[in-house]
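Coordinate analysis (summary)
Below, each chain spelled out in residue letters.
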Amino acid sequence: MITGGCHCGAIRYALSAAPMGSMICHCATCRRVSGALVVAWVSVDPDAFAITKGKPAHYASSPGISRQFCSLCGAQLTYARDDDDSFLDVATATLDDPNASPPTHHSWLSHDLAWVKFGDGLPNFQNSRYDD
Ligand SMILES: [Zn+2]
Ligand SMILES: [Zn+2]
């Protein structure tokens, strides 16, 4: 069982299956919503994700997009598309062991800040990995 939660501990979750993917998103929406330069996400089967403590708040960051976060400490937890229930993204940094889920690529470099440099050698995509 993979576990995680927000900073204050009000929200806890568990994953009953290993993530299907892992990436770093450079998009402007993730940046503003999180207050961070980039946000790393793991993609999971929505059926394998369960909130085990607390009640996350929801925010529609774009039409058809729902993000869950802790209303107490503000930690961003998940990203979901209303029109695609094949995956749920969970913020890698909220996992209890983020080291277990290293990213395989960077997405949305078209939104990137000029001074963000990773140099980790991973593939870069100008938009979504699936749009390029
Ligand atoms: Zn919290
Ligand atoms: Zn993003």
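Here the structure is shown first, and the text comes after it.
This report concerns the structure included in the present document. (Residues numbered from 1 in each chain as written. Chains lettered and ligands numbered in written order. Predicted model: local features only at pLDDT ≥ 70, side-chain atom pairs only at ≥ 80, totals over all residues.)

Once that is clear, we can look at the sheet that holds strand S10 (residues 105–107). The strands making up a sheet are joined through hydrogen bonds of the backbone, oriented either antiparallel or parallel. A sheet is described by the order of its strands in space; here 7 strands give the open sequence S6-S7-S8-S9-S4-S3-S10, paired in mixed fashion. Of all strands in the sheet, those bounded by a partner on one side alone are strand S6 (57–62) and S10. Going from strand to strand, the sheet's axes swing by 30° on average, the running direction of each strand aside. (Pairing = 2+ DSSP bridges. Helix = DSSP H or I, 4+ residues; strand = E, 2+ residues; numbered from the N terminus. Axes fitted to C-alpha atoms, helices over the stretch in contact; angles between N-to-C directions.)

With that settled, the discussion passes to the environment of Phe 49. The residue Phe 49 is located in strand S5 (residues 49–53) in this model. Look at Phe 49 and you get buried, because 21 C-beta atoms sit within 10 Å. Distance from Phe 49 to Tyr 13, taken between C-alpha atoms, is 7.2 Å for residues 36 residues apart in sequence. Sequence-distant contacts of Phe 49, that is, excluding residues within four places in its chain, are made with Tyr 13, Leu 15, Val 44, Leu 88 and Val 90. (Buried ≥ 20, exposed ≤ 12 C-beta atoms within 10 Å, placed from the backbone. Contact = placed C-beta atoms within 7 Å.)

Before going further, it helps to spend a moment on the sheet that holds strand S1 (residues 2–5). Overall, antiparallel pairing links the 3 strands, which are arranged S1-S2-S5 in an open sheet. Each of the sheet's edge strands pairs with one partner strand only, and the pair in question is S1 and S5. Strand-to-strand twist in this sheet, taken as the mean axis angle between neighbours without regard to direction, amounts to 30°. Here 4 bridges tie strand S2 (residues 12–15) to S5, and the two strands are oriented antiparallel to one another.

It is worth spelling out the nonpolar core at this point. The biggest cluster of nonpolar side chains holds 26 residues, and the ones touching the most others in it are Cys 25, Val 39, Trp 41, Leu 77 and Val 90. Of all the elements in the fold, those that place two or more residues in this core are S2, strand S3 (21–25), strand S4 (39–44), strand S8 (76–81) and strand S9 (84–91). Ranked by the residues each element gives to this core, the list is headed by S4, at 5 residues. For Val 90, the contacting residues outside a window of four places in its chain are Gly 4, Trp 41, Val 42, Val 44, Phe 49, Leu 77 and Thr 78. (Core = buried A, V, L, I, M, F, W, Y, C linked by C-beta atoms within 7 Å.)

To continue, consider the pairing of S1. Looking at chain direction, S1 and S2 are connected through 4 bridges and run antiparallel. What sits directly across from Gly 5, in S2, is Arg 12. In sequence, S1 turns back onto S2 through a hairpin of 6 residues, with Gly 9 there showing a positive phi of about 95°.

Right, let's get into the pairing of S9. For a regular strand, side chains alternate in direction, first toward one face of the sheet and then toward the other. Where S4 lies against S9, 4 bridges are found, and the strand directions are antiparallel. Note that in S9 the partner of Trp 41 across the bridge is Ala 91. Count of turn residues in the S8/S9 antiparallel hairpin: 2 residues.

Considering the arrangement of structural elements, one finds Ala 40 in strand S4. The spatial distance from the C-alpha of Ala 40 to the C-alpha of Ser 101 is 9.8 Å, given a sequence separation of 61 residues. Once residues lying within four places of it in the same chain are set aside, the contact partners of Ala 40 are Ile 24, Thr 92, Ala 93 and Pro 103.

Honestly, that's just the spatial picture; any functional story needs more than this.
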